[in-house]
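Fold and contact review
Next come the chains, spelled out residue by residue.
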Amino acid sequence: MAQAKRKKQASRKKKAPVRAKAQRGTSARGTSKKKASAKKKAGGARKKTARTKAARSSTKSRAKKRASPRVSTARPGKGRAARPKTRRPASNAAEMAEKQRDISVSEFFAKNRHLLGFDNPSKALLTTVKEGVDNALDACEEAGVAPDIQIEIHQKTDSRFRVVIEDNGPGIVREQVPKIFGRLLYGSKFHRLRQSRGQQGIGISAAGMYGLLTTGKPIRIVTRTGKRRQAHEFELVIDTQKNRPQVKRDGIIKWPKHHGTRVEIELEGNYRGGQHSVDNYIRQISLANPHAQITYVPPVAEEHGDKHIFPRVTRKLPPHTDEIQPHPYGTELGVLMQMFRDTKSRNLSACLRSDFSRVSPRVAGEICERAKISPKRRPSDIRREEADAIYKAIKQTKIMSPPTDCIAPIGENLILAALKAEVEADFYCAVTRRPTVYRGNPFLVEVGLAYGGEMPRDDSATLYRYANRVPLQYQQGACAITRAVGATNWKSYMLQHPKGALPIGPLLIMIHIASVWVPFTSESKDAVAQYPEIIKEFRFALQECGRKMTSYLRKQKRVAEEAKKAAYIEKYIPQVAIGLQEILSLGDRETSKLTHKLTDVLERSRKL
Ligand SMILES: Nc1ncnc2c1ncn2[C@@H]1O[C@H](COP(=O)(O)OP(=O)(O)OP(=O)(O)O)[C@@H](O)[C@H]1O
Ligand SMILES: [Mg+2]
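In this report, we go over the structure that sits alongside the text.

How each quantity is defined
Residues numbered from 1 in each chain as written. Chains lettered and ligands numbered in written order. Predicted model: local features only at pLDDT ≥ 70, side-chain atom pairs only at ≥ 80, totals over all residues. Helix = DSSP H or I, 4+ residues; strand = E, 2+ residues; numbered from the N terminus. Buried ≥ 20, exposed ≤ 12 C-beta atoms within 10 Å, placed from the backbone. Contact = placed C-beta atoms within 7 Å. Pairing = 2+ DSSP bridges. Near = placed C-beta within 6 Å. Nonpolar A, V, L, I, M, F, W, Y, C, P; charged D, E, K, R; others polar. Arc of directions from axis to C-beta.

1. A word on the overall build of the chain
- Counting secondary structure elements, the chain contains 17 helices and 14 strands.
- Across the 608 residues that make up the chain, the buried fraction comes to 33%.
- Excluding contacts between residues fewer than 6 apart, the proportion of contacts in the chain whose partners are at least 24 apart in sequence is 71%.

Encoded structure:
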């Protein structure tokens, strides 16, 4: 047995080096085989194409490299250096899964602050003022109070400002303050269809977050909801990782105002003049909100004196607007399905009647009949195919347009008054169009024009854009308003017009869109999206104003020509009278009478 074992071990010892040799041999053979085949291939290719020549040379160089891998033939600065053999780090699904997590909305917007209008220091200052003033005006109007708003900008250092916005609105309930100012996407306007300046629930908390990120200072709020209530003072910051407020101070203070809110934000900014300036914004907002009294304390007091007051022109608030339900025509299939899931109504007919505007019992019945679904069906049980049938039936059913009393225009008279206050011109006109609908949302367009006067004749027209009474100062090129102005044929209104651009001439154009939901191109609310229905309305309003302006300009031209002719004839009346005196042998009295008569005839026949 032992002998047999020994024999086996000895034979194993003998075989092992052979196997090792064999392995080495195979690999060596393999290499030499490869080399041979490369040579063969290269040799064959010599006669063929240049491409194969290149392939051959690369094969050769690869072979060289393989022979002496550590020697780099590349000279510094010339050719490609030998690449170090580093392994690309690769993650597997499990490792990737470890990194995947929720992104809080405030983290997102802190990174993408340009989306909210905080892309540069001067815009950041303007956006902060704008968000505060929008909220103040909205709150006052909602409470039926004539707005009295104070805007202060205090310069702390070269690039640091403290913005204060104080209003006489209804104030904010204590429990709500941290959520409103310390959470993005929290507000009262997003879920309703009603005309207001704010709509997204981001504005003021984003301004506070920007202030915190750039200066580390919390947002300060003082608010009081009534004479018998105490004023609360808060200092809070936003926890961007959680999108939750952190209250730093919550106390009671003495505040002379009976109701209202004061917001203070410190931020890195830049105060400058020009088209995009805060001063310009305040002037424009006071034009579109003649019912508001605005007191402005600029950082550079010498510019306007200590305070600059934009007085209210009227105490009459804009007409009260009601909240409306979505119109069935503007509701998409997914939204419709969601509404069926969320409704409080017990059956389909009741859901259609109560959750949509302009759906009467008859219209609801017609929709159900067309869709071949019982009006008694439970909305939450409706399947996707059935919802699709209802969606199609809605499109085929005649439904009244949405109610339009939910929109409050500025009105032609106030637009004219605003334009007259803004520029000295020869001609003013304004048009308020009838409300109409885009994607089921009612909207209305207004245009005001001022022509002539002191405005420069060789420059492009000035364009003031407004959405729900808020001036839009940035992204003019991306806005539907600008597009509509560019697409209007101003040459037919006697103005020069480079294609697609603003017309040239002494012209100020003021355009306002009022809607229950203004479709902005981004969260910074700088430009109106280019919906064809909206552009069409802008153009109609511009054309209406353009026609009025042309008839004025034609009349002016006619008057000027007539005056020229009359002056010419008038010059020769005395000569005619002398001639007649000689022919008819008239006395001096008769000649002077004749002169008067001729002048009278001229005036009557050439009435201007
Ligand atoms: N000065 C104020 N007085 C009373 N309520 C206010 C005031 N400021 C804000 N609010 C309330 O706080 C909410 C959130 O304001 P925020 O500016 O963040 O969003 P929004 O105005 O709803 O929409 P947007 O983002 O378009 O401005 C408002 O919807 C409003 O209910
Ligand atoms: Mg707001």
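2. With respect to unusual backbone geometry
- Despite not being glycine, Arg439 shows a phi value in the positive range, around 40°.
- Look at Lys525: it is not a glycine, yet its phi comes out positive at around 55°.
- When you line up the elements, Lys525 lands in the loop between strand S14 (507-515) and helix H16 (532-584).

3. Side note on the environment of Ala143
- Looking at the secondary structure, you find Ala143 in the loop between helix H5 (121-142) and strand S1 (148-155).
- Separated by 27 residues in sequence, Ala143 and Pro170 place their C-alpha atoms 6.1 Å apart.
- Not counting residues up to four positions away in its chain, the partners in contact with Ala143 are Gly169 and Pro170.

4. Some remarks on the pairing of S1
- Note: S1 against strand S7 (residues 293-297), five bridges, orientation parallel. Counterpart to Glu152 in the pairing with S7 is Val297.
- Pairing of S1 with strand S2 (residues 160-167) involves six bridges; the strand directions are antiparallel. From the neighbouring strand, Ile151 faces S2, where its bridge partner is Ile165.
- What sits between the antiparallel neighbours S1 and S2 is a turn of four residues.

5. Quick word on the site of ligand 1
- The local shell around ligand 1 holds 21 residues, among which Asn135, Ala139, Gly187, Gly198 and Gly203 are the closest.
- Mapped onto the shell around ligand 1, the elements with two or more residues apiece are H5 and helix H7 (203-215).
- Considering each element in turn, the shell around ligand 1 owes the most residues, five residues, to H5.
- Across the shell around ligand 1, the residue classes break down as six nonpolar, eleven polar and four charged.

6. Considering the pairing of strand S6 (residues 260-268)
- Most of S6 is tucked away: eight of the nine residues are buried.
- Pairing between S2 and S6: eight bridges, direction antiparallel. Residue pairing for S6: Ile165 is matched across the bridge by Val263.
- Summarising the sheet, strand S3 (residues 219-224) and S6 pair through five bridges and their orientation is antiparallel. Bridge pairing in S6 links Thr223 to Thr261.

7. Comments concerning helix H12 (residues 361-371)
- All of the buried residues in H12 are Val363, Ala364, Ile367, Cys368 and Ala371. With its buried residues spanning 135° around the axis, H12 presents them on a single face. Away from its buried face, by an angle of more than 90 degrees, H12 presents the exposed residues Pro361 and Arg362.
- The secondary structure elements touched by the buried residues of H12 are helix H11 (348-355) and helix H13 (384-396).
- Where H12 ends, the next residue or the one after it, Lys372, has phi of about 55°, a positive value.

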